Amino acid sequence: MLTAQINEQEETRRIPDSVPSVIDSLYREDQFYIGLTFNLIDQKPSSISQSGFSGGLHLGFIRDFPLNKQRNIAIGTGLGWSLNSFGHNLFIGQTIDGESIFRSLDRSFDYDTNRFTTQLIEAPIEFRWRTSSAESYKFWRVYTGLKLGYIYKFKSNFIQPGNQVVQYDLPELNRFRLGANLTFGYNTFNFHFYYSLNPLFKDAKVDDSEIGMHLVRLGLMFYIL
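Attention here is on the structure that accompanies the text. None of these values were measured; they are calculated from a predicted model.

Only one face of strand β9 (residues 176-186) is buried: it carries R177, G179, N181, T183 and G185, and the other face, with F176, L178, A180, L182, F184 and Y186, is open. When strand β7 (residues 140-160) meets β9, the two strands line up antiparallel, connected through eleven bridges. When the sheet's bridge partners are listed, R141 is paired in β9 with G185. Bridging between β9 and strand β10 (residues 189-196) involves eight bridges; their strand directions are antiparallel. Residue L182 lies in a different strand from β10, and its bridge partner there is F193. A loop of two residues connects β9 with β10, the two strands running antiparallel in sequence, and N187 in this loop sits at a positive phi of about 60°.

Here you go:
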């Protein structure tokens, strides 16, 4: 009798060989993202050209809002930070009266560094399609939409032997940014494209041409669930 009781207790304590996994039918693709890009300048005056390496670093979080029962179509909104650097031959200075100076530098002009950097707060709004499911974290994705941004820090840095000109505040700078972006890929590695829809500068000229400048970012985007 005692042996039967012991055997019965062992049976109740025995752990099943396999525990059924719980599938979350209401999963979201909430994601942190990290992007590395090569930056280009488009729609610039003919006398302006890029030089050296121009790159960017982009960090943020996107909240996912599925739109269908399969949850492979969604809207994503979030908040991010973006750092961008551009090397070029556009000199940016200022007169004693505080007026901005824009001048193109030809090859005969001797200087070591001429670039500007921007730091932005960005709010992405995306339409998202993917082949994900509640059981798989590896899938194809296509995300496209808009990015609203604000340049909270701008720095133009010109260095030549014995001279340095640094500018932080430009009335001609269009701090509010609007851009279109496209991200597509599989699993961790995704190609990323961004194009600014409004020019970087307004009411600014060099060599009698509007400076304008639309910024392009090409690179890789990594998502972390």
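Text resumes after the structure shown.
Bringing the pattern of salt bridges into the picture now. For the coordinates displayed, the defined rule picks out seven salt bridges. In this structure, the salt-bridge partner of E122 is R217, at a minimum N-O distance of 3.2 Å. Of this pair, E122 sits in strand β6 (residues 113-130) while R217 sits in strand β13 (residues 214-224), and the two are 95 residues apart along the sequence. Note on E122: relative accessible area 2%, which makes it buried. Through salt bridges with shared partners, a single network forms among D64, E126, R128 and R130.

Rules used throughout
Residues numbered from 1 in each chain as written. Predicted model: local features only at pLDDT ≥ 70, side-chain atom pairs only at ≥ 80, totals over all residues. Heavy atoms only, no water. Buried < 20%, exposed > 50% of the residue type's maximum accessible area, 1.4 Å probe, protein only. Helix = DSSP H or I, 4+ residues; strand = E, 2+ residues; numbered from the N terminus. Pairing = 2+ DSSP bridges. Salt bridge = Lys/Arg side-chain N within 4 Å of Asp/Glu carboxyl O.

Everything listed is a geometric property; what it means functionally is a separate question.
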